[in-house]
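# Remarks on the overall topology
Listed here are the chains, written in short residue letters.
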Amino acid sequence: QKEVEQNSGPLSVPEGAIASLNCTYSDRVSQSFFWYRQYSGKSPELIMSIYSNGDKEDGRFTAQLNKASQYVSLLIRDSQPSDSATYLCAVRSGGYNKLIFGAGTRLAVHP
Amino acid sequence: GAVVSQHPSWVICKSGTSVKIECRSLDFQATTMFWYRQFPKQSLMLMATSNEGSKATYEQGVEKDKFLINHASLTLSTLTVTSAHPEDSSFYICSARGGRAGETQYFGPGTRLLVL
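Now for a look at the structure at hand. (Residues numbered from 1 in each chain as written. Chains lettered and ligands numbered in written order. Predicted model: local features only at pLDDT ≥ 70, side-chain atom pairs only at ≥ 80, totals over all residues. Heavy atoms only, no water.)

## Some remarks on the overall build of chain A
Each helix and strand counted, chain A has zero helices and 11 strands in total. What you see in chain A, going N to C, is helices and strands ordered as β-β-β-β-β-β-β-β-β-β-β. Scaling as 2.2 N^0.38, a compact globule of 111 residues should have a C-alpha radius of gyration of about 13 Å, and chain A matches this with 13 Å. The proportion of buried residues among the 111 residues of chain A is 45%. Carbon together with sulfur atoms contributes 46% to the accessible area of chain A, which is approximately 5200 Å² in total. Side-chain charges in chain A split into 11 positive and 10 negative, and the spacing between the mean points of these groups amounts to 7 Å. (Helix = DSSP H or I, 4+ residues; strand = E, 2+ residues; numbered from the N terminus. Rg over C-alpha atoms; globule rule 2.2 N^0.38 Å. Buried < 20%, exposed > 50% of the residue type's maximum accessible area, 1.4 Å probe, protein only. Areas by Shrake-Rupley, 256 points an atom, 1.4 Å probe, with all protein chains shown as cover. Lys, Arg positive; Asp, Glu negative; His and termini not counted. Charge placed at Lys NZ, Arg CZ, Asp CG, Glu CD.)

Laid out in structure tokens, this is it:
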């Protein structure tokens, strides 16, 4: 079974700080990586996808991928209380038709 | 991004009845759709994957005769919970990918099912 692991949290950060969310995966041939945000009682929404090693920035969000270390992270700059949610890491491996989701990290941004 | 809708958003039914949930990709052609279930404070659980025009592929432990999935067109998939029981009460979420959405999966808003 291909696995994706995340720290369940909660990760508590003060407003304005940088939140760092981490994810490791077990399948070395994984090709596509996604971060989703899920508010309580809602469905997941896509934040970012990343396919190549390195950083990818989109507004306050930066995804980082290191395939050699099988590690993907999400940085949220200038964290806001509205960023408080569960963040899901998802990985798609070559040959698989589906995403493998981590259990999610709960982020709490306090004023 | 791409838009996926679900209908209904809420459904309450009596035990033993069947419930149909629709999932539509509104602005792209979804070659693949996925159905998930999520219980309170738990992770997403993939139930099945369906490709347009093909039979759905169910995850281990999911009863295909109880959860009927139809993906008859590139924009519509349905999940029918047959003979629903209280333990089927959950949050059902579909997602879709394909067409201009590429390999990114976009989620619908979900359907809350309460079986009395």
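## Re the packing of aromatic side chains
Applying the stated rule across the entire model yields 10 aromatic pairs over all chains. With centroids separated by 6.4 Å and ring planes inclined at 40°, the aromatic side chains of F67 of chain B and Y92 of chain B adopt a geometry described as tilted. Placement of F67 of chain B in strand 7 (residues 67-73) and of Y92 of chain B in strand 9 (residues 90-97) is noted, with a sequence separation of 25 residues between them. With respect to class, F67 of chain B is no different from Y92 of chain B; both count as buried. Clustering of aromatic rings is evident, with ring pairs tying together F34, Y36, Y51 and F101 of chain A together with Y36 and F107 of chain B. The residue whose ring lies beneath R112 of chain B is F91 of chain B, and the NZ or CZ to ring-centre distance is 4.0 Å. (Phe/Tyr/Trp six-rings, centres within 6.5 Å; stacked < 30°, edge-to-face > 60°. Lys NZ or Arg CZ within 6 Å of the ring centre and 35° of its normal.)

## Re the nonpolar core
Of all hydrophobic cores here, the largest spans 27 residues; its most connected members are V4, F28, W35, F67, L79, Y92 and L113 of chain B. Counting residues in hydrophobic clusters, the runner-up holds 24 residues, among them C23, A63, V91 and V109 of chain A. (Core = buried A, V, L, I, M, F, W, Y, C linked by side-chain atoms within 4.5 Å.)

## Things to note about the state of the cysteines
Residues and elements named next belong to chain B. Inspection of the entire model under this criterion finds two disulfides over all chains. A disulfide bridge connects C23 with C94, and the sulfur atoms are separated by 2.0 Å. In this structure the cystine formed by C23 and C94 twists about its S-S bond by roughly 80°; its chirality is therefore right-handed. Of this pair, C23 sits in strand 3 (residues 19-25) while C94 is found in strand 9, placing the two residues 71 residues apart along the sequence. Judged on exposure class, the residue C23 and its partner C94 are both buried. Free of any disulfide, C13 has its nearest cysteine sulfur in C94, 18 Å distant. Relative accessible area serves as the criterion here: at 10%, C13 is assigned to the buried category. (Disulfide = S-S within 2.5 Å.)

## Quick look at the layout of surface pockets
Space inside the largest pocket adds up to approximately 670 Å³. Around the largest pocket, the lining is made up of 31 residues, and of these S40 of chain A together with Q38, P40, K41 and Q42 of chain B lie nearest the centre. Among the elements that take part in the lining of the largest pocket, strand 11 (residues 105-110) of chain A stands out by supplying four residues, more than any other. Taken together, the residues of the lining of the largest pocket break down into 13 nonpolar, 14 polar and four charged. (1 Å grid on protein atoms, 1.4 Å probe; cavity = no way out; pocket = protein on both sides within 12 Å on 5 of 7 lines; lining within 4 Å. Points joined across faces, edges and corners; volume = space filled by probe spheres on them. Nonpolar A, V, L, I, M, F, W, Y, C, P; charged D, E, K, R; others polar.)

## So, the pattern of salt bridges
Residues and elements named next belong to chain A. Enumeration according to the criterion identifies eight salt bridges over all chains in this entry. Between R77 and E57 there is a salt bridge, and its shortest N-O distance comes to 3.4 Å. Of the two residues, R77 is situated in the loop between strand 8 (71-76) and strand 9 (85-93) and E57 in strand 6 (residues 54-58); the sequence distance between them amounts to 20 residues. By relative accessible area, E57 is classed as exposed at 59%. A salt bridge links R60 to D83; the nearest nitrogen and oxygen atoms lie 2.9 Å apart. Within this pair, whereas R60 is found in the loop between strand 6 and strand 7 (61-66), its partner D83 is found in the loop between strand 8 and strand 9, the two being separated by 23 residues in sequence. (Salt bridge = Lys/Arg side-chain N within 4 Å of Asp/Glu carboxyl O.)

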